[in-house]
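Single-letter residue listing:
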Amino acid sequence: MSGSALYETFARAPLAFERGEGSWLITDKGERYLDFAGGIAVNSLGHSHPHLVQALTEQAAKLWHVSNLYQIPGQSRLAERLAESSFADRVFFTNSGAEALECAIKTARRYQFANGHPERYRIITFEGAFHGRTLATIAAGGQAKYLEGFGPKVDGFDQVAFDDIDAAEKLIGPETAAILLEPVQGEGGIRPFPTQSLKRLRQLCDKHGLLLIFDEVQCGIGRTGKLYAYEWAGVSPDLMAIAKGIGGGFPVAACLATEEAAKAMTAGVHGTTFGGNPLAMAVGNAVLDIVLEEGFLEEVSRKALLMKQGLAAIADEFPDVIEDIRGTGLLLGIKCAMPNTKVNMALRDQKLLAVPAGENVLRLLPPLTTTDADIQEALARIRAGAASLSKAAANGG
Ligand SMILES: Cc1ncc(COP(=O)(O)O)c(C=O)c1O
């Protein structure tokens, strides 16, 4: 478990899981943890979902990989289904969220270039954003802690305060190509942009000939109770990055685009070795089989309400531990009244997994398939964790 040959880039918990079943993870010692971290919104259908296992193993027996030099029918099919169920007409598959964002950034710049504006390459982003760890996406995210020590920040990203649409408007200049944001900031602390702000950003982009890029890597694929978070606001982007939930644990991501936005992405201007390979596409299609089933998203919203109401009651009972509950669907945040790391540890002691985020929030990202019984169990564990913290705080701990 020491992992001495590994980069020390992750502060890993001293836990190793051997198996997963639905909302549960089982350690190598046989201990069962309720997984409401979900691989940070990756395990959209829980662990070992039979439909995903079947899709992956059937494909594994047939064909793992062919390069994008050839037709990949599963890729065309998944692209068509993603387009049919969103604003998009075109899709480029990648392996990670950051690569999907890279594709969106390149597509936006290339669009402006092809429209006779090669000078338009700058992208406006918002504080608290997280778009990945490549050189361009750390520049887009603009967080000093991720930029430090990695040389000159990649040029072309300008940042304004969270939800400061006036500042974004002022910043639009002759070099601006696009505006990029997560409709609900994940790592930033489960912070949604108000509907009005998304509408204004759409108008600003239309007025100035900019592309609107949404990062739904974390909030997409049913997480908020709609297939995409942007649907709540009724505001469509020109480009969008998705990842995490679409693979349910297999590395799959994609950049979705309108026909117009993607028109300059012609043969040879972009590429990938692994992106969209048959294994990944089999799983992506299998995830959509379930998420697009009639009534699935309504169930997510129903369960989310159950969870949120339960959390609100715990927050009322222990205001010294929990300040507030935020989020939509199963993208929930506990705004902590004490350090979120402390609350996270207390929940881990109760064998419940969660994920810290910015603004002193602790994220709860259960599988979209979690059951009412799992939710009740999670609430009981969260209550027990909050009670122990409250008692310790009262005793001066
Ligand atoms: C909103 C958002 N964008 C981009 C990324 C980067 O995705 P990946 O780690 O797959 O590169 C993440 C990852 O947490 C994310 O939450």
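Rules used throughout
- Residues numbered from 1 in each chain as written.
- Predicted model: local features only at pLDDT ≥ 70, side-chain atom pairs only at ≥ 80, totals over all residues.
- Heavy atoms only, no water.
- Pairing = 2+ DSSP bridges.
- Helix = DSSP H or I, 4+ residues; strand = E, 2+ residues; numbered from the N terminus.
- Axes fitted to C-alpha atoms, helices over the stretch in contact; angles between N-to-C directions.
- Contact = heavy atoms within 4.5 Å.
- Core = buried A, V, L, I, M, F, W, Y, C linked by side-chain atoms within 4.5 Å.
- Buried < 20%, exposed > 50% of the residue type's maximum accessible area, 1.4 Å probe, protein only.
- Domains from an automatic or database assignment.
- Near = heavy atom within 4 Å.
- Polar contact = N/O pair within 3.5 Å; in protein donor to acceptor, adjacent residues only side chain to side chain.
- Areas by Shrake-Rupley, 256 points an atom, 1.4 Å probe, with all protein chains shown as cover.
- Nonpolar A, V, L, I, M, F, W, Y, C, P; charged D, E, K, R; others polar.
- Phe/Tyr/Trp six-rings, centres within 6.5 Å; stacked < 30°, edge-to-face > 60°.
- Salt bridge = Lys/Arg side-chain N within 4 Å of Asp/Glu carboxyl O.

On to the sheet that holds strand S11 (residues 239-242). Read across the sheet, 7 strands follow the order S4-S12-S11-S10-S7-S5-S6 without closing on themselves; strand pairing throughout is mixed. Each edge of the open sheet is held by one strand with a lone partner, namely strand S4 (90-94) and strand S6 (157-160). Across the sheet, the mean angle separating the axes of adjacent strands is 20° when strand polarity is ignored. Across 3 bridges, the pairing between strand S10 (residues 211-215) and S11 is parallel. Pairing of phenylalanine 214 across the sheet is with methionine 240, part of S11. Where helix H3 (residues 73-84) meets the sheet, its contacts fall on S4, S11 and strand S12 (253-257), and the angle it forms with S4 comes to roughly 125°.

Across soluble globular proteins, you tend to see nonpolar side chains buried next to one another. Ranked by size, the top nonpolar core spans 51 residues in total, and within it Leu82, Phe126, Ile179, Leu181, Tyr228, Ile242 and Leu256 carry the most contacts. Here this core takes 8 residues from helix H11 (residues 278-291), the largest share from any one element. Both domain 1 (17-49 + 297-394) and domain 2 (63-291) contribute no fewer than three residues apiece to this core. Apart from the residues lying within four places of it in its own chain, the contact partners of isoleucine 179 are Ile124, Phe126, Leu201, Cys205, Leu210, Leu211, Leu212 and Ile213. Within the second largest apolar cluster, 28 residues are counted, among which are Leu34, Ile314, Cys336 and Ala346.

Looking at the ligand, the residues that line it are Ser96, Gly97, Ala98, Phe130, His131, Gly132, Glu182, Asp215, Val217, Gln218 and Lys244. The backbone of glycine 97 places a nitrogen or oxygen atom 2.8 Å from an oxygen atom of the ligand. Between the ligand and alanine 98 there is a distance of 2.8 Å, counted from an oxygen atom to a backbone nitrogen or oxygen. Within the complex, the protein chains bury 79% of what would otherwise be the 390 Å² of accessible surface of the ligand. Within the shell around the ligand, the residues separate by chemical class into 3 nonpolar, 5 polar and 3 charged.

This part is about the packing of aromatic side chains. Tallied over the full model, the rule gives 7 aromatic pairs. Here phenylalanine 17 and tyrosine 33 contribute two aromatic rings whose centre-to-centre distance is 5.6 Å and whose plane-to-plane angle is 80°, an arrangement assigned as edge-to-face. Pair noted here: phenylalanine 17 is in strand S1 (residues 17-21) and tyrosine 33 is in strand S3 (residues 32-35), with a separation of 16 residues, a long-range link. Looking at tyrosine 33, the relative accessible area reads 7%, which means it is buried. Note on phenylalanine 162 and phenylalanine 193: the rings are 4.5 Å apart at their centroids and 45° apart in plane angle, and the pair reads as tilted. Of this pair, phenylalanine 162 sits in the loop between S6 and helix H7 (165-171) while phenylalanine 193 sits in the loop between strand S9 (191-192) and helix H8 (195-208), and the two are 31 residues apart along the sequence.

A separate point is the environment of arginine 77. Residue position: arginine 77 is located in helix H3. Through-space distance from the C-alpha of arginine 77 to that of aspartate 155 is 36 Å; in sequence the pair is 78 residues apart. What arginine 77 contacts, discounting residues up to four positions off in sequence, is Asn285 and Asp289.

Before going further, it helps to spend a moment on the pattern of salt bridges. Considering all chains together, one arrives at 17 salt bridges under this definition. The closest approach of N and O atoms between arginine 202 and aspartate 206, which form a salt bridge, is 2.8 Å. Placement of the pair is arginine 202 and aspartate 206 together in helix H8, with a separation of 4 residues, close to one helical turn. Assessed through its relative accessible area of 16%, arginine 202 is described here as buried. With a closest N to O distance of 2.9 Å, arginine 326 and glutamate 359 form a salt bridge. Here arginine 326 is found in strand S13 (residues 322-328), whereas its partner glutamate 359 is found in the loop between strand S16 (355-357) and strand S17 (361-364), with 33 residues between them in sequence. A relative accessible area of 18% places arginine 326 in the buried class. Look at the salt bridges and you will find they share partners, linking Arg19, Glu21 and Arg32 into a network.

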